[in-house]
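Spelled out, the chains give:
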Amino acid sequence: MHPYFSKMDNFGKELKQNRKDRAAESNAQLRAVETVIEQQKQAVLNAGFSTAEINKRGSLTITQRLEYLVDPGTWQPLHSLYNPLDNEEGTTNVVDGLGKIGGKWAVIIGFDNKVMAGAWLPGQSENILRVTDLAMRLNIPLVWLVNCSGAKLPDQEKFYANRRGAGTPFYRHAELEQAGIPILAGIYGTNPAGGGYQGISPTILIAHKDANIAVGGVGIVSGMAPRGGFNVELLEELIDKTREFRAAPPGRVETHFGKTGFFSRVYEEETGVLDGIKEYMQNMPAYGPMVFQVAEPAEPAFPADDLYSLLPFNQKEVYSFDELLARVVDGSEQMEFRPGYGPEVYTGLCKIDGMLIGCIGNRQGFLGKGYPEYADYPGMGGKLYRQGLIKMNEFVTHCGRDRIPVIWFQDTSGIDVGDLAEEAELLGLGQSLIYSISQTDVPMLLVVLRKGSAAAHYVMGGPTANRHNAFTLGTAATEIAVMHGETAAVATYARRAMKEKDAGRPLDDVIEKMNQLAQKYRDTSQPDYCARYGFVDEVVKLTELRGYLKAFAGAAYQNPRSICPRHQMILPRIIKG
């Protein structure tokens, strides 16, 4: 298949200085937002005790453990700002992402032992479920660094129970194992109750000499027989039991290595546990990259820094999606699918790290006279019309048939509306795209470049595609909302304004409420808000975007559940004709 893949069509042009000059203000705005986001991420990482204090106690921090464990240059963090229930700690108390261990991709997650010794916090189970879903979607190992003191008991009602509560990840662990996806756990510190199940539910348990896992910890064991209240005598008894259990907590290495055999290995040094994980990772199922590389990996022909001059911070300013794509794919090469048809969307095959990826993105600007063909009004990029929806349905279906992972690049204001749009079947074609995505069974990644709006956000590989969307990235320009804030204000208050006008009453109150609603939409659609509440899994710098694309491609092809031999693919042949 060398004629198809070794040298694909070049696209993109060198960015001229006058274009950079015109984009200088936008460039500065994008970088300013990125700086704020980075400061917020650092604040989360710095929560709790200092690194020096943890090291003084004889332990490494979660960050230090990850630095030792993960291959240099491969760590791609996720959920750095995720805090959906607004914990006062500013975190869900787990750190996670994609990274290579011994040359193989894994989903990696660990408790932040600087904050309440890695306790369960509200929102944490939702974070963990996203991580287990990611391992399931990519079919790669899940690596846990367990250091969990149990629940933050004063807030138990916010996370303990419910259908997606703190125990749900243990069921997800079982589901991963039943699907043949191994879970490796490095275990540190004291892990009672829920922490014990975090330790016992993985596949391989590797422990530090001072670690323990247990059904109950000191406090729980000491208070298992409630007496209706507390008094001095009872408290004195409790203190004595606490001293006893602190000296010899249940579930120590003597028990779970020497007697039950739950621990596969025990190490004297903390780094030994990580070395053990590395050794086990060498024995995990994985294809070498060469098996699925259709060409030698190549860097884009243009610098990533150009992205700051190509992606406008102003949501109303148009740009060339094709030029942007040329800055993140191998060699700035492509095989475009159905060029000229459905001009509002780009569909095509590109290479990421030498591996074939289906790319889909919204094009911007005026779409030409006579389009859309069913209407008498001009079509504008960012909006979806009949041809574009049909083209995406076809392309996604072919990618599913050929087992090609898909990356979506969203910058959409929605799907065309009105009687003519309904007659053109856009409602049905949007749902058809959801159906097409659902039958592909290939991993997908979403990058929300700027706008993610209305049903178009759903149908273009949105995070609502739970079994297909591996993760979602945002940028400094990302805004996600059901519609623009001013549009929402009109939809909400237009009838009331008409009634007030007809009744001869002043419109000042309506205007104030409309402005308040528009401002609320702005506040709740910004990148940091999207990251905090899980609309995106991470907000990334534009220059770091390709690193995430490479991680996705590498992980998706590491151990795929099904394979289409490249010489049996039909999509490249359809493109070439």
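Above: the structure in question.
Residues numbered from 1 in each chain as written. Predicted model: local features only at pLDDT ≥ 70, side-chain atom pairs only at ≥ 80, totals over all residues. Heavy atoms only, no water.

**Some words on empty space enclosed by the protein**
Considering all chains together, one arrives at two cavities of 30 Å³ or more under this definition. The calculated volume of the largest cavity comes to roughly 60 Å³. In this structure, the largest cavity is lined by Glu34, Ile37, Glu38, Lys41, Ala476, Val539, Val540, Lys541 and Glu544. Ranked by residues supplied to the lining of the largest cavity, first place goes to helix 3 (residues 24-45) with four residues. For the lining of the largest cavity, the residue count by class is four nonpolar, no polar and five charged. Here the second largest cavity defines a volume of roughly 50 Å³. What lines the second largest cavity is Trp120, Leu121, Gln124, Ser125, Ile128, Phe159, Ala166, Pro169 and Gln198. Of all the elements, helix 6 (residues 124-138) adds the most residues to the lining of the second largest cavity, at three residues. Residue classes in the lining of the second largest cavity are distributed as six nonpolar, three polar and no charged. (1 Å grid on protein atoms, 1.4 Å probe; cavity = no way out; pocket = protein on both sides within 12 Å on 5 of 7 lines; lining within 4 Å. Points joined across faces, edges and corners; volume = space filled by probe spheres on them. Helix = DSSP H or I, 4+ residues; strand = E, 2+ residues; numbered from the N terminus. Nonpolar A, V, L, I, M, F, W, Y, C, P; charged D, E, K, R; others polar.)

**A closer look at the packing of aromatic side chains**
Counted by the stated rule, this structure contains 14 aromatic pairs. Aromatic pair Tyr4 and Phe5: ring centres 6.2 Å apart, planes at 45°, arrangement tilted. Exposure remark for Phe5: the relative accessible area of 1% places this residue in the buried category. An aromatic cluster of at least three residues, connected via ring pairs, comprises Trp120, Phe159, Phe170 and Tyr197. Sitting over the ring of Phe49, Arg57 keeps its end group 4.2 Å from the ring centre. The cationic tip of Arg65 hangs over the ring face of Tyr188; the distance from NZ or CZ to the ring centre is 3.8 Å. (Phe/Tyr/Trp six-rings, centres within 6.5 Å; stacked < 30°, edge-to-face > 60°. Buried < 20%, exposed > 50% of the residue type's maximum accessible area, 1.4 Å probe, protein only. Lys NZ or Arg CZ within 6 Å of the ring centre and 35° of its normal.)

**A few points about the nonpolar core**
Membership of the largest hydrophobic core comes to 123 residues, with the highest contact counts inside it found for Trp144, Leu325, Trp408 and Phe471. With nine residues, the single largest contributor to this core is helix 22 (residues 545-558). A domain-level breakdown of this core finds at least three residues from each of domain 1 (47-215 + 250-281) and domain 2 (294-478 + 526-560). Non-local contacts of Trp144, meaning those with residues more than four positions away in its chain, are made with Val94, Ile109, Gly110, Phe111, Ile128, His173, Ile183, Leu184, Ala185, Gly186 and Gln198. By size, the runner-up hydrophobic cluster in this structure holds 20 residues, among which are Val143, Leu184, Leu274 and Met281. (Core = buried A, V, L, I, M, F, W, Y, C linked by side-chain atoms within 4.5 Å. Domains from an automatic or database assignment. Contact = heavy atoms within 4.5 Å.)

**A word on the packing of helix 19 (residues 485-502) against helix 20 (residues 508-523)**
Between helix 19 and helix 20, the shortest axis-to-axis distance is 8 Å and the interhelical angle comes to 165°. Classified by the angle between their axes, helix 19 and helix 20 sit roughly antiparallel to one another. In the packing of helix 19 onto helix 20, the handedness of the crossing is right-handed. From helix 19, Gly485, Glu486, Ala488, Ala489, Val490, Thr492, Tyr493, Arg496, Ala497 and Glu500 reach across to helix 20, where they touch Asp509, Val510, Lys513, Met514, Leu517, Ala518, Tyr521 and Arg522. Among the residues making up the contact of helix 19 with helix 20, the classes are represented as 10 nonpolar, two polar and six charged. (Axes fitted to C-alpha atoms, helices over the stretch in contact; angles between N-to-C directions. Parallel < 35°, antiparallel > 145°, perpendicular 65-115°, else oblique. Left-handed = near helix turned anticlockwise from the far one by under 90°.)

**Quick word on helix 17 (residues 426-438)**
With 13 residues, helix 17 extends 18 Å between its outermost C-alpha atoms, agreeing within 8% with the 18 Å of an ideal straight helix rising 1.5 Å per residue. Here helix 17 has its buried residues at Leu426, Leu429, Gly430, Leu433, Ser436 and Ile437. Relative to the axis of helix 17, the buried residues are bounded by an arc of 115° and lie together on one face. For helix 17, the exposed residues lying more than 90 degrees away from the buried face are Leu427 and Tyr435. (Expected span 1.5 Å × (residues − 1). Arc of directions from axis to C-beta.)

**As for the sheet that holds strand 6 (residues 183-187)**
Read from one edge of the open sheet, seven strands run 2-3-4-5-6-8-10, paired in mixed fashion. Looking at strand neighbours, the two that pair on one side only are strand 2 (76-78) and strand 10 (265-267), the edges of this open sheet. Within the sheet, the average angular offset between the axes of one strand and its neighbour, ignoring direction, is 20°. One ladder, built from three bridges, connects strand 8 (residues 204-208) with strand 10; its direction is parallel. (Pairing = 2+ DSSP bridges.)

**Re the environment of Phe366**
Relative to the helices and strands, Phe366 resides in the loop between strand 13 (355-362) and strand 14 (383-384). In this structure the C-alpha to C-alpha distance between Phe366 and Pro343, which are 23 residues apart in sequence, comes to 9.8 Å. Apart from residues no more than four positions distant in its own chain, Phe366 is found in contact with Pro378, Gly379 and Met380.

**What about the pattern of salt bridges?**
Under the criterion given, the structure shown has 31 salt bridges. Residues Glu323 and Arg327 are paired through a salt bridge, measuring 2.6 Å at the closest nitrogen-oxygen approach. A salt bridge links Lys451 to Asp411, with the shortest nitrogen-to-oxygen separation between them at 3.0 Å. Here the residue Lys451 occupies a position in strand 17 (residues 444-453), and Asp411 occupies one in strand 15 (residues 406-412), the gap between them amounting to 40 residues. The two residues Lys451 and Asp411 agree in class, both being buried. Linked through salt bridges whose partners overlap, the residues forming this network are Glu88, Glu89, Lys152 and Asp155. (Salt bridge = Lys/Arg side-chain N within 4 Å of Asp/Glu carboxyl O.)

**Topic: the environment of Cys359**
The topology assignment puts Cys359 in strand 13. Taking the C-alpha atoms as reference points, Cys359 and Gln558, 199 residues apart in sequence, are found 19 Å from one another. Sequence-distant contacts of Cys359, defined by excluding residues within four places in its chain, comprise Leu325, Tyr346, Thr347, Gly348, Cys350, Phe395, Ile407 and Phe409.

**Some words on the side chain of Glu344**
Tracing the backbone shows Glu344 in the loop between strand 11 (333-336) and strand 12 (345-352). No salt bridge is formed by the buried Glu344, whose closest oppositely charged neighbour, Lys391, lies at an N-O distance of 6.7 Å. A polar contact is formed between the side chain of Glu344 and the side chain of Tyr371, at a distance of 2.6 Å. A distance of 3.1 Å separates a polar atom in the side chain of Glu344 from the backbone nitrogen of Gly388. Beyond its immediate stretch of four places on either side in the chain, Glu344 contacts Gly361, Asn362, Arg363, Leu367, Tyr371, Lys383, Leu384, Tyr385, Gln387, Gly388 and Leu389. (Lys, Arg positive; Asp, Glu negative; His and termini not counted. Polar contact = N/O pair within 3.5 Å; in protein donor to acceptor, adjacent residues only side chain to side chain.)

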